[in-house]
Amino acid sequence: LSSVDEARATAECVVEDYDLSCDVKRTKFEELCCPMYDKAKAAVERALLQASLQAADLAHVEVLGGACRVPWVQRALKEAFGGRELSTTLNADEAVAKG
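Residues numbered from 1 in each chain as written. Predicted model: local features only at pLDDT ≥ 70, side-chain atom pairs only at ≥ 80, totals over all residues. Heavy atoms only, no water.

1. Remarks on the overall build of the protein chain
The number of helices and strands found in the protein chain is three helices and two strands. Ordered by position in the sequence, the α and β elements of the protein chain form the string β-β-α-α-α. Overall, the C-alpha framework of the protein chain stretches about 55 × 30 × 25 Å when taken along its three principal axes. Buried residues in the protein chain amount to 22% of all 99 residues. Long-range pairs, those at least 24 residues apart, make up 52% of the contacts in the protein chain between residues at least 6 apart in sequence. Surface exposure of the protein chain reaches about 7300 Å², of which carbon and sulfur atoms provide 55%. Seen as two clouds, the 12 positive and the 17 negative side-chain charges of the protein chain have centres 6 Å apart. (Helix = DSSP H or I, 4+ residues; strand = E, 2+ residues; numbered from the N terminus. Buried < 20%, exposed > 50% of the residue type's maximum accessible area, 1.4 Å probe, protein only. Contact = heavy atoms within 4.5 Å. Areas by Shrake-Rupley, 256 points an atom, 1.4 Å probe, with all protein chains shown as cover. Lys, Arg positive; Asp, Glu negative; His and termini not counted. Charge placed at Lys NZ, Arg CZ, Asp CG, Glu CD.)

Below, the structure written as structure tokens:
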């Protein structure tokens with residue numbers, strides 16, 4: 001759902017040999033995930049507060065991890081950092097795996 005508005009979700013063998021498959025729209029996905037997005041945004045704001053920093057104090061904002069490809073997450077982070085463009089130059093999955 002990072003690059004398309006709708007995708008098919010499939011879970012094999014949910015109960016015995018029964019497979020579950022359905023179409024998921026990005027708007028519904030974002031609605032379901034909104035509480036988690038709000039917690040993530042609050043964590044960013046709390047980290048800045050604890051570091052006694054404002055978003056404007058940062059020279060560069062690099063985002064990584066699978067969630068950074070979700071459009072809603074990108075919009076929320078951009079807003080949290082005062083409209084600053086987010087950088088995704090690092091290979092997100094590799095950086096997360098390596099720590």
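Anyway, onward from the coordinates.
2. Here's the deal with the layout of surface pockets
Size it by volume and the largest pocket reaches roughly 200 Å³. For the lining of the largest pocket, the secondary structure elements donating two or more residues are α1 (26-50) and α2 (71-80). No other element matches the six residues that α1 contributes to the lining of the largest pocket. Class assignment for the residues of the lining of the largest pocket results in 12 nonpolar, two polar and one charged. (1 Å grid on protein atoms, 1.4 Å probe; cavity = no way out; pocket = protein on both sides within 12 Å on 5 of 7 lines; lining within 4 Å. Points joined across faces, edges and corners; volume = space filled by probe spheres on them. Nonpolar A, V, L, I, M, F, W, Y, C, P; charged D, E, K, R; others polar.)

All quantities given are derived from atomic positions and should not be read as evidence of function.
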